[in-house]
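# Reading the structure
Given next are the chains, with one letter for each unit.
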Amino acid sequence: MPSDGSAWNARRWWRSAGFAWAGVRHAYRTQANFRIECWVAALALGAALALRAPLAPVALACALVLSLELVNTALEATVDLVSPDRHPLAKVAKDAAAAAVLIASAGALLVAAGTLLPALLRALKFS
């Protein structure tokens, strides 16, 4: 799409957002891990709201994991496109992208432990 020179063009923004949502829909339809992570994120955000725990760290941790899973999906598709045959470097690229998601997920668990667990213990103490 040719640029009209303005980054704030509404039509351009909606078109770009449509492409982005197409990527999210594709990942949700085709990637089991992304579906699981979406539901875990919804549960974590729901728990934060229900427990009146700080929402920002939970939301940021969820966004990080989901974003990295989308990047992992894009990288895997790109590697499969340029290297349809098995290649040691293709494996390295895919494994490293998966490791990024794993590390972010571990960090998200630490955020949950530090944010949701104290709120849950407070809620149980007063019930």
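On a predicted model such as this, the values are computed, not experimentally measured, just so you know.

### Things to note about the UniProt feature "binding site: substrate" (unreviewed entry) in the chain
Residues given the UniProt feature "binding site: substrate" (unreviewed entry) here are Arg-12 and Glu-69. Across 58 residues of sequence, these annotated residues are also dispersed in space, with a maximum C-alpha separation of 25.7 Å. With respect to the helices and strands, Arg-12 occurs in helix α1 (residues 10-30). Note on Arg-12: relative accessible area 31%, which makes it partly exposed. Summarising the element assignment, Glu-69 is placed in helix α3 (residues 55-82).

### A look at the layout of surface pockets
Gaps left between atoms show up when a probe the size of a water molecule is rolled over them. Roughly 300 Å³ of volume is contained in the largest pocket. If you trace the largest pocket, you find 16 residues lining it, with Val-40, Val-65, Ser-105, Ala-108 and Leu-109 closest to the centre. Elements that contribute at least two residues to the lining of the largest pocket include exactly α2 (32-51), α3 and α4 (88-125). With six residues, α4 is the largest single contributor of residues to the lining of the largest pocket.

Procedures and definitions
- Residues numbered from 1 in each chain as written.
- Predicted model: local features only at pLDDT ≥ 70, side-chain atom pairs only at ≥ 80, totals over all residues.
- Heavy atoms only, no water.
- UniProt positions renumbered as here; feature names shortened; annotations may be inferred.
- Helix = DSSP H or I, 4+ residues; strand = E, 2+ residues; numbered from the N terminus.
- Buried < 20%, exposed > 50% of the residue type's maximum accessible area, 1.4 Å probe, protein only.
- 1 Å grid on protein atoms, 1.4 Å probe; cavity = no way out; pocket = protein on both sides within 12 Å on 5 of 7 lines; lining within 4 Å.
- Points joined across faces, edges and corners; volume = space filled by probe spheres on them.

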